[in-house]
There are 2 protein chains.
Amino acid sequence: MDETAPQKGTVTQRAIERIKAMIGEGRLEPGQRLPTERDLAVQLGISRSSMREAIRALTVLGVLEARHGSGIYVTQLEAGDLLETFGVVADLSRGPRLVELLEVRRILESTATALAAARITEDQLAEVEKHLTAMNDTDDPEIILSHDLAFHREIATAAGNETMAAILDGLSSRTFRARVWRGYQEEGAFARTRREHAAIHRALVAHDPEAARAAAAAHVGEVEEWLRAQIGS
Amino acid sequence: MDETAPQKGTVTQRAIERIKAMIGEGRLEPGQRLPTERDLAVQLGISRSSMREAIRALTVLGVLEARHGSGIYVTQLEAGDLLETFGVVADLSRGPRLVELLEVRRILESTATALAAARITEDQLAEVEKHLTAMNDTDDPEIILSHDLAFHREIATAAGNETMAAILDGLSSRTFRARVWRGYQEEGAFARTRREHAAIHRALVAHDPEAARAAAAAHVGEVEEWLRAQIGS
DNA sequence: CGGGCCAAGTGGTCTGATAAATATGCGGTC
DNA sequence: GACCGCATATTTATCAGACCACTTGGCCCG
């Protein structure tokens, strides 16, 4: 008898696991093109509908990428691809969990900034400064937010750990920050934010990891404390 | 004109965003039951197939839960639900990215252990000790691994940040650790692991955060260094 | 009053057809 | 010979309808 039918869970779920396993075992390489939906469905002995659901699931997880008219491909499986879903967590979290997320961000961001202080190159530093000045040259919250994100993104990248940078990206996703900052910035936090950014920048220029860690922790901690107070009230 | 057709992306993608938005705006509460697939498809003006793909996507993301014969429900949207997909990252990462993941784990785990040292209760400490002794009472790698996971899980929980605990869970998912430890334990690392666990436990008993941080960092760092050497070779 | 049976409701799966986007190969033109 | 344009094949995206499997709640019978 054929042992390929353990009959656990739905057929779609099994298909997801099978494809994940194929990638895990190296039978499917990053960037490689998969057989067509129809062929895959036949191979796994399921209908095309179920196969499409499995593909859709792996697509939102950042494992596969479907190109209309072309085919289905394995992504590069880089940190950014797989951690894109992290933004969903930030977007759907509320109340106390927002504080927890900021706590995680504070821990990672402070360490990332410390690492960046030690490793950052002149080119990367110039890029950081570009966003810093752009942020100070305007009063448009949208533009500020955008450069703020890029500012921290560049620092995280300079830390040399792409995975950490991708996680921090998720923890700072646009909708997440916009939601928190709407109220935070109303309390005249612009000036303080600029001072904190300047402190982080000074530490980076001085290549002083401990100062960078402290400045980054304080920066995130400020928002964290404000949010904690908001929840409590 | 009808503004309900922005025509960006696939209809399934739009359906995913719509449902996510409904939850984000609070129109769908955690635990609440959704309309049937058929009704939802009609509401959004798409076919049932496309709606099913959207539901499947949100299901694997831990946002929705489909119960055969009963209906579709919003999950509790707790950290554990939404971060379950984090395990996929650990399972599909290889080479240098495994080191990066362990680096992230070292940072979070050391902080979590430090927090736990300050906050852990007697009951939680007893639970930790249970897994510690169980781990030392056997030579079966499977059982050891299982209690090792529970040991660290308990500590992360004691730190009081469920989100962090859930992330660490993903970073220590069964297949991930099994993959790394297969080779690690072959080098007679059992004894060292036991010493390190004992050191962590002592720090917890003494409620000494700094000692706990150092012990946890060293513990994860050991594996990290070993893996780094493996990659390089 | 309690237990088991039954039917309606609902998610799970399959099949087949059509539309839309892409890739391919051929022929022609310059 | 090279390049462009177009018809054609391939492939994903979407739709429609049917049937199966499981859950639930009420009804009937003992």
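Residues numbered from 1 in each chain as written. Chains lettered and ligands numbered in written order. Predicted model: local features only at pLDDT ≥ 70, side-chain atom pairs only at ≥ 80, totals over all residues. Heavy atoms only, no water.

- Going by the annotation in an unreviewed UniProt entry, the name recorded for chain A is FadR/GntR family transcriptional regulator, with Streptomyces cellulosae given as the source organism.

**Side note on the side chain of B:Ser50**
Then comes step 1: Inspection of the secondary structure assignment puts B:Ser50 in helix H3 (residues 48-60).
Then comes step 2: Owing to a relative accessible area of 15%, B:Ser50 belongs among the buried residues under this scheme. (Helix = DSSP H or I, 4+ residues; strand = E, 2+ residues; numbered from the N terminus. Buried < 20%, exposed > 50% of the residue type's maximum accessible area, 1.4 Å probe, protein only.)

**Looking at unusual backbone geometry**
Peptide bonds are, in most cases, trans, and in most cases residues other than glycine have a negative phi.
Then comes step 1: In the Ramachandran plot, A:Leu77 falls in the positive-phi region, its phi being about 60 degrees despite a non-glycine side chain.
Then comes step 2: Positionally, A:Leu77 belongs in the loop between strand S2 (71-74) and helix H4 (79-82).
Then comes step 3: A:Leu77 sits in the buried class, given a relative accessible area of 2%.
Then comes step 4: Non-glycine residue B:His207 carries a positive phi angle of around 50 degrees.
Then comes step 5: Locating B:His207 in the fold gives a position in the loop between helix H11 (190-205) and helix H12 (209-232).
Then comes step 6: On the basis of relative accessibility, which here comes to 34%, the residue B:His207 falls in the partly exposed class.

**Digging into the packing of aromatic side chains**
Then comes step 1: Summed over the entire model, instances satisfying the criterion amount to 1 aromatic pair over all chains.
Then comes step 2: Centre to centre, the rings of A:Phe86 and B:Phe86 are 5.6 Å apart; their planes meet at 70 degrees, and the pair counts as edge-to-face. Of this pair, A:Phe86 sits in helix H5 (residues 86-92) while B:Phe86 is found in helix H5 (residues 86-92), placing the two residues in two different chains.
Then comes step 3: What makes A:Phe86 buried here is its relative accessible area of 3%.
Then comes step 4: Here the guanidinium or amino end of A:Arg67 rests over the ring plane of A:Tyr73, the centre of that ring lying 3.9 Å away. (Phe/Tyr/Trp six-rings, centres within 6.5 Å; stacked < 30°, edge-to-face > 60°. Lys NZ or Arg CZ within 6 Å of the ring centre and 35° of its normal.)

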